[in-house]
Amino acid sequence: MTITCFIRYEIDPFKKDLFKAYADNWARIIPRLGGHLLGYFLPHEGSNYEAWGLISFPSLAAYEAYRLRLREDDEAQANFAFAQRERLILKEERTFPKVVDSSYLQAPTGRMAVA
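How each quantity is defined
- Residues numbered from 1 in each chain as written.
- Predicted model: local features only at pLDDT ≥ 70, side-chain atom pairs only at ≥ 80, totals over all residues.
- Heavy atoms only, no water.
- Helix = DSSP H or I, 4+ residues; strand = E, 2+ residues; numbered from the N terminus.
- Expected span 1.5 Å × (residues − 1).
- Buried < 20%, exposed > 50% of the residue type's maximum accessible area, 1.4 Å probe, protein only.
- Arc of directions from axis to C-beta.
- Contact = heavy atoms within 4.5 Å.
- Polar contact = N/O pair within 3.5 Å; in protein donor to acceptor, adjacent residues only side chain to side chain.
- 1 Å grid on protein atoms, 1.4 Å probe; cavity = no way out; pocket = protein on both sides within 12 Å on 5 of 7 lines; lining within 4 Å.
- Points joined across faces, edges and corners; volume = space filled by probe spheres on them.
- Pairing = 2+ DSSP bridges.
- Axes fitted to C-alpha atoms, helices over the stretch in contact; angles between N-to-C directions.

Peer 1: I'd like a rundown of helix α3 (residues 74-86), residues and numbers included.
Peer 2: Here α3 contains 13 residues, and its C-alpha end-to-end distance of 18 Å stays within 8% of the 18 Å for a straight helix at 1.5 Å per residue. Looking at α3, one finds that the buried residues are Ala76, Asn79, Phe82 and Ala83. The buried residues of α3 all sit within an arc of 115 degrees when viewed along its axis, so they share a single face. Facing away from the buried side of α3, by more than 90 degrees, are the exposed residues Asp74, Gln84 and Arg85. For α3, the elements touching its buried residues are α1 (16-32), α2 (60-72) and β4 (89-95). Its side-chain oxygen at 3.1 Å from the backbone nitrogen of Glu75, Asp73 defines the N-terminal cap of α3. Arg87 sits one or two positions beyond α3 and adopts a positive phi of about 55 degrees.

Peer 1: Run through unusual backbone geometry, naming residues and quoting values.
Peer 2: Despite not being glycine, Arg87 shows a phi value in the positive range, around 55 degrees. Of note, Arg87 is situated in the loop between α3 and β4. Classification of Arg87 as exposed rests on a relative accessible area of 64%.

Peer 1: Give me empty space enclosed by the protein: which residues, what numbers.
Peer 2: Evaluation of the coordinates by the stated rule reveals one cavity of 30 Å³ or more. There is about 90 Å³ of room inside the largest cavity. What lines the largest cavity is a set of 15 residues, among which Ile7, Tyr40, Ile55, Tyr66 and Arg94 lie closest to the centre. Put simply, the parts of the chain that give the lining of the largest cavity at least two residues each are β1 (3-11), α1, α2 and β4. Sort the elements by how many residues they give to the lining of the largest cavity and α2 lands first, with four residues.

Peer 1: Give me the lowdown on the pairing of β1, citing residues and values where you can.
Peer 2: Of all the nine residues making up β1, seven are buried; the element is thus mostly covered by neighbouring parts of the structure. Judged from the eight bridges that link them, β1 and strand β3 (residues 50-57) form a sheet pairing that is antiparallel. Considered in β3, the bridge of Ile7 is made with Gly53. The sheet contact formed by β1 and β4 spans six bridges and is antiparallel. Counterpart to Phe6 in the pairing with β4 is Thr95.

Peer 1: An account of the sheet that holds β3 is requested, with residue identities and associated values reported.
Peer 2: Strands sit in the order β2-β3-β1-β4 across an open sheet of four strands; the sheet is antiparallel. In this open sheet, the two strands that pair with only one neighbour each are β2 (36-41) and β4. Pairwise comparison of adjacent strand axes, ignoring direction, gives a mean angle of 15 degrees for this sheet. Packing against the sheet, α2 makes contact with β1, β3 and β4, and its axis sits at approximately 110 degrees to β3.

The structure is reproduced here in structure tokens:
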């Protein structure tokens, strides 16, 4: 059973570049510590303060083991400290939806219109 840690961030819209640096750091750290990083997403159109991070795990137990590794990892702790020092994250929420396996990571299969 694949679960995804869906993280919703409210960020300071004037610190979007700092949030990008924070996400860039996680792009190195998360896979190294066992998370399947689906991506971080910055505001572009619409909201200027909402960002997301999506990380998948084979089970909730695998997520819990990953969290323990995060607490022991110097680079992860430095990234958490960076976000606190810069005050770029105003609010953070986590939810854990279960993947519908038949729909997970489906690539386009038909003719796609080119814009």
